[in-house]
Amino acid sequence: MNDKVETALVVGGGLAGMEAALKIGQAGYKVVLVEKQPVLGGVLGQLYSSFPRWEDPQALLNNKLEQIKQCPQIMVLTGMLVAAARREANVYCVDLQGTNQGDKRQIKVDAAVLATGFELFDASVYGEYGYGIYPNVVNSLEFEAKLKEWGSGHSQQLPPQSVAFFKCVGSRDRSKGKPYCSKICCMYTAKQAGIVKDMFPEAKAYVFYMDYRAAGKDYEEFTRSVIETKHVRYVRGRPSKVLPENGKLIVRAEDTLMGVPIEVEVDMIVLAAAIIPSAGTKELALMFGAVTDEYGFLEHEIFNPVKAGDRVFFAGACGFAVETQGAQYQGAAAAAEVIGLFNRVEQGGD
Amino acid sequence: MPREKYKDKIEGLYKQVDTYNLVENLETCLACGKCVGNCPVASLNPSYNPRQIISDVLSGDGDRWLDSEEIWRCFWCAGCATVCPNDIQFPLLMMQLRYRAVENNYGLKYIMPFKRFALRAREDGLTFAPSEKGREKIKRYRSNLGVSPWPEISDRAKAEYKELFDLTGATEYLNNTSDESEKPVTFKYTEGRIISE
Amino acid sequence: MNEQRVVAPEELIPEVPESIFLFRSCTGSMEYPGTENAIKEVMNKLGVNIVMDPDQTCCSGYLLTCSAYKPEVSLAVTARNLAIVEKQNLDTYVFCNGCYGYNRELTHIMKHNPAYMQMANDVIAKQGYKYEGKTEIHHVQELWYRLKDEIAAKVVKPLQGLKVGVHYGCHYLAQQYHILDDGGYPTFHEDIIEAIGGTPVFYKERQLCCGYSVGRGITHKEATVQPHLYKKFKSAKEAGVELMTTTCPGCNVGLDREQPNLAKRYAEEFNIPVIDLSQLISIALGVPVRKLGFEANTVPLDGIINRLGLERGESSL
């Protein structure tokens with residue numbers, strides 16, 4: 001067999017995209033990995049810690065980056081995004097464009113894997129929580145950045161004395177948000193609350209929840225350890241209102257397990273905002289003949305959860321909220337689809 | 001508190017309460033408690049708990065709220081509906097719970113003042129018009145402002161308004177509303193609850 | 001819920017109307033006639049013509065809140081009132097949050113349940129009316145916000161930084177859809193206060209209900225409403241509020257008339273006068289005090305009038 005000539009395009013250099021690129025490249029096919037940020041990593045690069053084993057996400061990221069470096073089949077283009085794509089016979093003609101300057105390129109690829117990931121729902125529609133109004137109300141990604149800062153030991157900011165975590169902000173809400181459950185927030189909130197107690201043992205941490213969803217290997221044990229050994233207080237009740245008083249924030253909610261309305265005074269509030277597909281996912285999908293659902297997540301074909309259309313696949317949170325390991329599984333599955341496709345092409349099929 | 005037997009619950013209580021089909025999405029209630037956290041009455045009387053009342057209605061428990069003092073405490077401020085993630089219009093459910101209570105002769109003492117107001121409004125075309133002394137003051141204030149001493153409401157308006165009360169059965173109903181056979185209401189949601197003063 | 005929640009004022013009221021139908025409020029025209037007058041004065045200055053109709057009756061929504069009778073009569077009365085407005089081909093502008101909430105709620109019920117629309121129309125047909133569901137329900141506060149810049153341009157007596165604590169009331173924001181601001185953190189009244197030279201105060205219990213609720217203020221005054229109001233006024237006083245504004249005569253009654261009773265019960269004076277937002281705007285636009293009917297207020301406005309250097313006028317205050 002001659003040199004494999006097929007090329008795959010992977011859009012998005014987060015964990016799912018990197019995994020897909022690696023598996024395709026390590027199988028010997030060419031891959032163009034396009035990432036709009038100046039570095040690879042996506043949300044994985046923003047994380048301070050991970051569940052359920054408290055592992056350093058940077059180690060996982062470095063492992064992938066090292067493997068990518070070792071794989072000559074993969075061409076990494078950071079600071080670039082897909083401006084347009086056209087299907088011509090069995091090939092996609094893709095116009096790439098630099099995010100800062102007008103650096104333009106045109107490439108032809110035989111298959112595409114979309115892995116553009118997620119962003120967080122804008123929590124400022126919840127006027128009652130004061131996101132965007134009170135400075136110490138932040139969302140979970142912003143808080144993860146704070147954890148990195150405190151964890152670096154170089155932070156100028158005073159550590160908080162009490163933090164409240166609100167789950168389901170924008171999720172499970174037909175009125176102002178999205179009706180679906182964002183799947184990973186229960187776990188990452190437990191993680192963030194646990195880290196606060198590790199870093200600042202004297203600080204108080206409260207998690208306001210309706211449910212906690214720990215469906216995964218080691219997940220329940222992880223959450224219980226946060227409650228039982230790290231002493232994070234879980235209060236069942238979706239907060240109704242946040243009011244400022246004397247420089248602090250008052251959280252009004254009901255402790256539904258006791259049936260009593262309560263007020264809790266905290267310094268900082270972290271909102272686990274709903275997971276939504278990255279901006280531009282829908283437009284990107286249409287360019288490749290893929291379809292998105294009413295929330296903008298990519299739809300898969302029947303019987304095939306990573307296939308979005310002919311010669312187009314997807315992986316990671318652009319399909320729905322997913323945790324780290326799941327993004328890896330999906331990236332690998334999408335890669336397997338591409339490899340299978342390219343194999344059949346070489347053997348005269350497709 | 002004695003253990004409740006689930007089979008004693010009333011089948012179809014939800015529809016027996018929501019006869020006007022105004023709260024069709026009650027089963028979307030997540031019991032999240034956002035309503036209670038925002039409720040001004042709950043912060044003063046913790047035994048008033050909209051979430052628990054919804055739970056009773058959905059599970060068919062008609063005993064607690066029917067002769068309770070709690071359902072008469074709701075301010076109808078709709079603070080609950082404003083924050084509810086599923087847009088459950090709780091005040092409209094509360095209104096119908098009160099109808100059921102009154103039909104069973106509970107809470108009439110809280111209705112009687114409005115019987116008087118409504119019957120007087122039926123004559124005036126305006127509601128909450130005060131007694132003679134109060135009216136004199138109003139006429140004086142209005143005249144000082146240079147407007148008509150009494151709000152301009154036509155005789156036709158008053159006649160038609162009265163007629164609407166008659167045609168819809170309101171007049172007969174109001175006239176028959178009486179607290180003769182009234183049965184007492186008490187706080188029913190206080191058992192097993194923490195009340196802090 | 002696909003209907004949009006908060007809409008910009010230009011979307012809510014695309015064209016500033018030449019004429020509006022001003023829906024008479026029972027409590028407004030009896031307890032605080034100055035409010036109705038103030039609205040007419042401001043509308044006059046803004047060039048909006050006001051139409052009222054003596055055939056319009058009480059909105060009768062209070063029957064829902066107090067459960068004195070079933071909704072049938074309220075639906076029929078609402079349909080009749082709005083049929084009268086529709087005959088004039090105008091949009092309905094109320095100046096009471098109660099009228100707003102009830103009219104919107106009842107029209108929503110009729111529009112989404114054809115059986116109720118039919119029932120209401122059957123009854124009022126006997127009097128020769130037909131309600132088609134065409135007239136839009138608005139509140140004058142929406143027009144104040146829509147014309148905020150015009151109002152600001154016409155200010156002749158800016159409020160000199162007067163510390164105003166607004167009271168939004170419940171029933172405007174509780175409609176949640178197709179309204180000017182979010183019920184979670186509304187700010188449009190504060191924007192208006194700033195535009196006329198006042199200092200808005202965001203006191204902690206700013207969004208607390210007035211407690212009057214056309215019902216509980218009568219049946220549970222001592223039990224719940226007074227402790228509840230005490231919380232609100234305590235929070236306002238601690239934040240330094242000098243004047244409170246409302247957009248509902250019902251709220252005005254609850255907040256204004258109850259203060260002496262609170263003072264007696266809690267041995268604490270609040271002395272925070274409560275007036276309608278329209279009356280405050282009128283002051284800023286130079287409407288003489290004698291046209292604003294402050295003699296109807298229980299908590300006197302003397303302090304504010306002196307503070308702003310206004311002339312009292314002929315009527316006794």
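Throughout, a residue's number is its position along its own chain's written sequence, starting from 1. Numbering of ligands from 1 and lettering of chains from A proceed in the order in which they are written. Whole-chain, interface and lining totals are the exception, using all residues; otherwise, since this is a predicted model, local features are given only for residues with pLDDT of at least 70 and side-chain atom pairs are given and counted only at 80 or more. The side-chain numbers reported here are obtained from all heavy atoms of the structure, hydrogens and water having been left aside.

(A) Representation of the packing of helix α9 (residues 132-145) of chain B against helix α3 (residues 33-46) of chain C. Relative orientation of the contacting elements α9(B) and α3(C) amounts to 20°, with a least axis distance of 10 Å. In this view, α9(B) runs roughly parallel relative to α3(C), as classed from their interaxial angle. The way α9(B) lies across α3(C) gives a crossing that is right-handed. Across from Tyr141(B), Arg142(B) and Leu145(B) in α9(B), the residues of α3(C) making contact are Pro33(C), Gly34(C) and Asn37(C). Three classes are used: nonpolar for Ala, Val, Leu, Ile, Met, Phe, Trp, Tyr, Cys and Pro, charged for Asp, Glu, Lys and Arg, and polar for all others, with Gly counted as polar. Considered class by class, the residues forming the contact of α9(B) with α3(C) number three nonpolar, two polar and one charged. In this analysis, axes come from line fits to C-alpha atoms, helices being fitted only over the stretch in contact, and the angle between any two N-to-C directions falls in the range 0 to 180 degrees. Under the DSSP-based scheme used, a helix requires at least four consecutive residues in state H or I and a strand at least two consecutive residues in state E, with every element numbered from the N terminus. Angles below 35 degrees are treated as roughly parallel, those above 145 as roughly antiparallel, those between 65 and 115 as roughly perpendicular, and all remaining angles as oblique. What makes a crossing left-handed is the near helix being turned counterclockwise from the far one by less than a right angle; a clockwise turn instead makes it right-handed. By the convention used here, residues are in contact when the closest approach between their heavy atoms is within 4.5 Å.

(B) Local environment of the interface of chain A and chain B. At the junction of the two partners, chain A supplies 22 residues and chain B supplies 22 residues. Roughly 1,700 Å² of surface becomes buried between chain A and chain B when both sides are summed, with 51% attributable to carbon and sulfur atoms. Together, Ser240(A), Glu254(A) and Pro261(A) form the three largest contributors to the area buried by chain A at its contact with chain B, with a combined 27%. For this document, the term salt bridge refers to a Lys or Arg side-chain nitrogen within 4 Å of an Asp or Glu carboxyl oxygen. Where chain A meets chain B, there are two salt bridges. Across the pair Lys34(B) and Glu128(A) runs a salt bridge whose closest N-O atoms are separated by 3.2 Å. Polar contact is the term for a pair of N or O atoms within 3.5 Å; when the atoms are in protein, one must be able to donate a hydrogen and the other to accept it, and sequence-neighboring residues count only if both atoms are side-chain atoms. In this assembly, chain A and chain B are joined by 14 residue pairs in polar contact (both at pLDDT 80 or more). Within the residue set of the side of chain A that touches chain B, elements represented by two or more residues are β14 (248-255) and β15 (260-266) of chain A. Broken down by element, the side of chain A that touches chain B gets its largest block of residues, three residues, from β14(A). Tallied by class, the residues present in the side of chain A that touches chain B amount to eight nonpolar, five polar and nine charged. Defined here as a combined quantity, buried area equals the accessible surface (1.4 Å probe) lost by two parts on assembly, summed across both.

(C) View of helix α12 (residues 221-238) of chain C. Here, expected helix span is obtained from the residue count minus one, scaled by 1.5 Å. The terminal C-alpha atoms of α12(C), which comprises 18 residues, lie 24 Å apart, in line with the 26 Å expected from a rise of 1.5 Å per residue. Contact partners of the buried residues in α12(C): α3 (40-44) of chain B together with α11 (216-219), β7 (243-246), α13 (249-256) and α14 (259-266) of chain C. Just past α12(C), the residue Gly240(C) takes up positive phi, approximately 85°.

(D) A look at the interface of chain C and chain B. Each partner contributes residues to the interface: chain C has 68 residues there, and chain B has 60 residues. Together, the buried faces of chain C and chain B total about 5,800 Å²; carbon and sulfur atoms form 64% of this surface. A per-residue breakdown of the area chain C buries against chain B is headed by Met30(C), Tyr69(C) and Gln127(C), which together make up 12% of the total. The tally of links between chain C and chain B comes to three salt bridges. Residue Arg80(C) is joined to Glu160(B) by a salt bridge in which the shortest nitrogen-to-oxygen separation is 2.8 Å. For the interface between chain C and chain B, the tally reads 24 residue pairs in polar contact (both at pLDDT 80 or more).

(E) Region of the structure containing empty space enclosed by the protein. All names here are of chain B. Within this scheme a cavity is a closed region of a 1 Å grid, computed over the protein atoms alone, that accommodates a 1.4 Å probe without allowing it to escape, whereas a pocket is open but has protein on both sides within 12 Å along at least five of seven lines; lining residues each have an atom within 4 Å of a point. Grid points are joined across faces, edges and corners, and a volume is the space filled by probe spheres set on the points. Applying the stated criterion across every chain, the model contains six cavities of 30 Å³ or more. In this structure, the largest cavity occupies an estimated 150 Å³ of space. Forming the walls of the largest cavity are 18 residues, and the residues nearest its centre are Cys 29, Cys 35, Ile 54, Cys 84 and Ile 88. For the lining of the largest cavity, the elements supplying multiple residues, two or more each, are α2 (34-38), α4 (50-59) and α6 (79-83). The element contributing the most residues to the lining of the largest cavity is α4, with three residues. For the lining of the largest cavity, a count of residues per class yields 13 nonpolar, three polar and two charged.

(F) The sheet that holds strand β7 (residues 111-114) of chain A, seen in detail. Residue and element names in this part refer to chain A. For two strands to be treated as a pair, DSSP must find at least two bridges joining them. Read across the open sheet, the six strands follow the order β3-β2-β1-β7-β19-β18; overall the sheet is mixed. What marks the edges here is a single partner per strand, and that holds for β3 (74-78) and β18 (307-309). Across the sheet, the mean angle separating the axes of adjacent strands is 20° when strand polarity is ignored. Note: strand β1 (residues 7-11) against strand β2 (residues 30-35), five bridges, orientation parallel. Paired with Val 10 across the strands is Leu 33, a residue of β2. In the packing of helix α1 (residues 15-26) onto the sheet, contacts are made with β1, β2, β3 and β7, and the angle to β2 comes to roughly 165°.

(G) Region of interest: the pattern of salt bridges. Enumeration according to the criterion identifies 47 salt bridges over all chains in this entry. A salt bridge links Glu144(A) to Lys191(A), with the nearest nitrogen and oxygen atoms 3.0 Å apart. With Glu144(A) in helix α3 (residues 140-152) and Lys191(A) in helix α4 (residues 185-199), this residue pair connects regions lying 47 residues apart in the sequence. Taken as a pair, Glu144(A) and Lys191(A) share a single burial class, namely buried. Asp56(B) is the salt-bridge partner of Arg64(B), the closest N and O atoms lying 3.0 Å from each other. Note on accessibility: Arg64(B) and Asp56(B) belong to one class, buried. Here the salt bridges share partners, and the residues they tie into one network are Glu245(A), Arg252(A), Glu263(A), Lys204(C) and Glu205(C). Accessible area is worked out with a 1.4 Å probe on protein chains only. A residue is then buried under 20% of its type maximum, exposed over 50%, and partly exposed in between.

(H) Broad picture of the sheet that holds β14(A). All names here are of chain A. Pairing is antiparallel across the open sheet formed by three strands, whose spatial order is β13-β14-β15. The open sheet has two edge strands, β13 (241-245) and β15, and neither has a second partner. Between one strand and the next, the sheet's axes are offset by a mean angle of 30°, whatever the strand orientation. In this sheet, β14 lies alongside β13 in antiparallel orientation, the contact comprising five bridges.

(I) Just the packing of helix α10 (residues 155-167) of chain B against helix α5 (residues 71-87) of chain C, in detail. One can describe the packing of α10(B) onto α5(C) by two numbers: an axis separation of 9 Å at closest approach and a directional angle of 150°. As the angle between them shows, α10(B) and α5(C) are arranged roughly antiparallel. Of the two possible hands of crossing, α10(B) and α5(C) adopt the one that is right-handed. In contact with Arg156(B), Ala157(B), Glu160(B), Tyr161(B), Leu164(B) and Phe165(B) of α10(B), α5(C) contributes Val73(C), Ala76(C), Val77(C) and Arg80(C).

In short, geometric facts, not functional conclusions.
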